Amino acid sequence: VNEEQKQTLDSLAARRWRVAITLTAVMLAVYFGFILLVAFDKPLMGRLILGGRISVGIVLGAAVIAVAPLLTAVYVRWANRIYDPELHALRHAMASATPAPVVAGEPAAALPIPPPTTAPFAKEARP
Amino acid sequence: VNPPVNATKVATSLGHPNATAIGFFILFVLVTVYVTRWAARRTRTTHEFFAAGSRISARQNGFALAGDYMSAASFLGIAGLVSMSGFDGLIYSIGFLVGWPVITFLIAEPLRNLGKYTFADAVAYRLKQRPVRIAAAAGTLTVVAFYLIAQMVGAGDLITLMFGIPYWSAVLIVGGVMLLYVLFGGMIATTWVQIIKAGLLLTGATALAVLVLARFGFNPLELFSAARAKYPDAAPLAPGKLVSNPVDAVSLGLALMFGTAGLPHILMRFYTVPDAATARRSVAYATVLIGFFYLVTFVLGFGASVLVGREVIASVPGKSNMAAPLLAEVLGGTGFLGFICAVAFATILAVVAGLTLSGASALSHDLWNHVVRKGESPEHEQLRVARIATVALGLAAIGLGILFKGQNVAFMVGLAFAIAASGNFPALLLSMTWRRFTTRGAVASMVTGTATAVILIAISPTVWHDVLKLKSTAPISLKNPAIISMPLAFVVGVVASLLAPERKAAEGFTGAITRMHMGA
């Protein structure tokens, strides 16, 4: 691995952790915001809306349930569209560099050329 | 609202042997045993036994993850909690869901790339193998033990109530059938049992919710207002007594959120897919399925509250746990009741199988291969040890299930989550993110997290009063230990690492970064 590739990987890794930590923080804030509202403002959460047919608490609770898959979708989209292609390009750059790279303590075969992205899903186990 | 008891007597066939229930259950067992036979022919290596040969697709693993996570306790328990206390049940559902995005963002991909069969692989990647493996295996087995006891006792109780068979025979059936799956079919069979079970549970719960909503013009708002009209004094749409102490609420929230990311049987599933990108997509599927499941459960709880009635639910043995089965009987007759009971039985079986396999992987892969044999155990020997460990764990599960009969084990699932959040999660996260993390830091963090969680639970009001029946005031008032034990595990891990730096561990981090992102 040359110095430039190492820096590319480090910055890509740092970006992934940044995105991951930001999204985790949003999930934490939403969830604990909800819990603390229940703990400290029960009258607000119990307030009836829409002609008394639902409460603020249930609407917010359903919203928290919706936020979890939405944040996940944001992350998966980012990772599929930006992170994966950059990683793939880096893999190619590393694999085409001669000679075979040696990573600290790892055998030289640690970084093989990955199979095409469609291949791993073709062979699915089915009873 | 306290109407005379005789006015609430219900005609339910719950608790009597039910032909449909038994029929559906036998059908489930036949299908899953057939799948196990098919899987057994494909289980020749440890990679197949522990990780299904890493050939499971994203969608399949999404269903299997959901299957591992959606226990009978969350289906019957949360529907019951919602039926009796309305809004408060929603707080639990949300807690159980929000850990999943955390797994997606922080854990799934690096774990998949660093490890092979257990989460200890990832923790120990650049650290000294033996101490880390021993501590991680201890954490795994503690979580698995408490989770298993809760499942087995719940299985015995529920199946006695629903099928009318004796407690011990219910425990024996669950233990015996589960052993068949794991022993012969390993992870391949266990994965497919989870997928089938998740499909059945989601289908059954959704069908029931559709029947409920059909009574209210497919408008949930009408359902909610009917519940409010029926229980005007109880205010079912408003928060009740569940969250009275903010510290307890936040502590429980931490345990649920980060405990999910430290459950060994969940983490193990990420090795069943081919690569990190598939692992990522599989958690996304699981998150959607589990979120949907809890929304459906919320509808079922309100449906039971209105259509069955709180007095009726409180009058049957098993009380609120029977809210969903009773609702099925009211809406779909004995046949539908039987189907829901069979699904609950199948649910317990699948969860117990997943737990046993993860315990076996800790015993065989972490303790036998890496600690006793220093990573040099030949393939056939590892497989034999894994099967012996499976049988031992299966017998232990049956024994513990019978031993803890009639005991209050409800706190044990909460304890398992607290241990997972304190013992497993901090060390896993630190090892994957912090260059200066050391072997000593990892061991200290895992031991401190697990021990603190167990001790604080033992002296909490729950165990002090409800389990030990002691009259004196409990030494601490905290119901869930995570707010103390999880931060403590992080602090101990960091301090122990800083006090005695480990040059090799820090140097190995560069290789770990490459591996974590690029894969093997």
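For the structure itself, look to the data block above.
Calculation criteria
Here, residues in each chain are numbered from 1, in the same order as that chain's written sequence. To label them, take the chains in the order written and letter them from A, then take the ligands in the order written and number them from 1. Owing to the predicted nature of the model, reporting of local features is limited to residues with pLDDT of at least 70; listing and counting of side-chain atom pairs is limited to 80 or more, with chain, interface and lining totals taken over all residues. Derived side-chain values reflect all non-hydrogen atoms in the structure, with water molecules and hydrogen atoms excluded from consideration. Note that patches include only residues with greater than 30% relative accessible area and no salt bridge, and the join distances are 9 Å for like charges and 5 Å for nonpolar side chains (Val, Leu, Ile, Met, Phe, Trp, Tyr). Using a 1.4 Å probe, accessible areas were evaluated by the Shrake-Rupley method; residue-level cover was limited to the displayed protein chains. The salt bridge criterion pairs a side-chain nitrogen of Lys or Arg with a carboxyl oxygen of Asp or Glu, the two atoms within 4 Å. Where helices and strands are cited, they refer to DSSP runs of H or I of at least four residues and of E of at least two residues respectively, numbered from the N terminus. The criterion used for residue contact is that any of the two residues' heavy atoms lie within 4.5 Å. Here the quantity called buried area is the total loss of accessible area, with a 1.4 Å probe, experienced by two parts when brought into contact, counted for both. In the scheme used here, Gly and all other residues not listed as nonpolar or charged are polar, with Ala, Val, Leu, Ile, Met, Phe, Trp, Tyr, Cys and Pro taken as nonpolar and Asp, Glu, Lys and Arg as charged. Residues are said to line a cavity or pocket when one of their atoms sits within 4 Å of a point; the points come from a 1 Å grid over protein atoms alone, cavities being sets where a 1.4 Å probe fits but cannot get out and pockets being open sets with protein on both sides within 12 Å along at least five of seven lines. Grid points are joined across faces, edges and corners, and a volume is the space filled by probe spheres set on the points. When the centres of two rings from Phe, Tyr and Trp lie within 6.5 Å, Trp using its six-membered ring, the rings pair. Their planes under 30 degrees apart give stacked, over 60 give edge-to-face, and anything left gives tilted. Only protein chains enter the accessibility calculation, which uses a 1.4 Å probe; a residue whose area is less than 20% of its type maximum is buried, one above 50% is exposed, and one in between is partly exposed. Here, axes are lines fitted to C-alpha atoms. For helices the fit covers the stretch in contact, and angles between N-to-C directions go from 0 to 180 degrees. Any angle from 65 to 115 degrees is called roughly perpendicular, while one under 35 is roughly parallel, one over 145 is roughly antiparallel, and all others are oblique. Two helices crossing with the near one rotated counterclockwise from the far one by less than a right angle form a left-handed crossing, whereas a clockwise rotation gives a right-handed crossing. In this charge count, Lys and Arg are treated as positive and Asp and Glu as negative; neither His nor the chain ends contribute. The atoms used to mark charge sites are NZ of Lys, CZ of Arg, CG of Asp and CD of Glu.

Student: An account of a nonpolar patch on the surface is needed here, citing residue identities and associated values.
Tutor: On the surface, Ile49(A), Leu50(A) and Val59(A) cluster together to form a nonpolar patch covering roughly 240 Å² of accessible area. Structurally, Val59(A) can be placed in helix α3 (residues 56–96).

Student: Lay out the interface of chain B and chain A in plain terms, naming residues and giving numbers.
Tutor: Counting from both sides, the interface comprises 67 residues of chain B and, opposite them, 61 residues of chain A. Interface of chain B and chain A: buried area, both sides summed, is about 5,500 Å²; carbon and sulfur atoms make up 75% of it. Inspection of the region where chain B meets chain A yields three salt bridges. Arg53(A) is paired through a salt bridge with Glu222(B); the nearest N and O atoms lie 2.7 Å apart. Counting residues per element, the ones that place at least two in the side of chain B that touches chain A are α1 (19–40), α5 (88–114), α9 (220–230), α10 (246–259), α12 (276–308), α16 (410–433) and α20 (503–518) of chain B. The element best represented in the side of chain B that touches chain A is α5(B), accounting for 13 residues. Here the residues of the side of chain B that touches chain A sort into 40 nonpolar, 18 polar and nine charged.

Student: So what's going on with empty space enclosed by the protein? Which residues, and what values?
Tutor: To find leftover empty space, a probe the size of one water molecule is rolled over the atoms. Residues and elements named next belong to chain B. Counted by the stated rule, this structure contains three cavities of 30 Å³ or more. Looking at the lining of the second largest cavity, the element that brings in the most residues is helix α14 (residues 323–372), giving four residues. Grouping the constituent residues of the lining of the second largest cavity by class yields four nonpolar, four polar and one charged.

Student: Just give me the short version of the packing of aromatic side chains, but keep the residues and values in it.
Tutor: Evaluation of the coordinates by the stated rule reveals 27 aromatic pairs over all chains. Aromatic pair Phe34(A) and Phe87(B): ring centres 6.3 Å apart, planes at 45°, arrangement tilted. Of this pair, Phe34(A) sits in helix α1 (residues 3–40) while Phe87(B) sits in the loop between α4 (72–85) and α5, placing the two residues on different chains. The pair formed by Phe34(A) and Phe87(B) is uniform in burial state, with each residue classed as buried. An aromatic cluster is present here, built from Tyr69(B), Phe75(B), Tyr92(B), Phe96(B), Trp100(B), Tyr147(B), Phe293(B), Tyr294(B) and Phe417(B) joined pairwise through their rings.

Student: Can you lay out the packing of helix α7 (residues 129–163) of chain B against α16(B) for me, pointing to particular residues and giving the numbers?
Tutor: All names here are of chain B. Running from amino to carboxyl end, α7 crosses α16 at an angle of 165°, the nearest separation of the two axes being 8 Å. On the basis of the axis angle, α7 is roughly antiparallel to α16. Judged by the twist between their axes, the crossing of α7 over α16 is left-handed. Residue-level inspection shows Gly139, Thr140, Thr142, Val143, Phe146, Tyr147, Ile149 and Ala150 of α7 in contact with α16, the latter providing Met412, Val413, Leu415, Ala416, Phe417, Ile419, Ala420 and Asn424. Classifying every residue of the contact of α7 with α16 by side-chain character gives 12 nonpolar, four polar and no charged.

Student: Give me a positive patch on the surface: which residues, what numbers.
Tutor: A cluster of basic residues, Arg37(B), Arg41(B), Arg42(B), Arg44(B) and Arg55(B), forms a positive patch at the surface. Within the secondary structure, Arg41(B) sits in the loop between α1 and α2 (46–51).

Student: Quick one: what's the story with the environment of Gly199(B), residue by residue and with numbers?
Tutor: Residue and element names in this part refer to chain B. Checked against the element boundaries, Gly199 lands in helix α8 (residues 167–214). Residue classification places Gly199 among the partly exposed positions, given a relative accessible area of 23%. For the pair formed by Gly199 and Val308, sequence separation is 109 residues and the distance between their alpha carbons is 26 Å.

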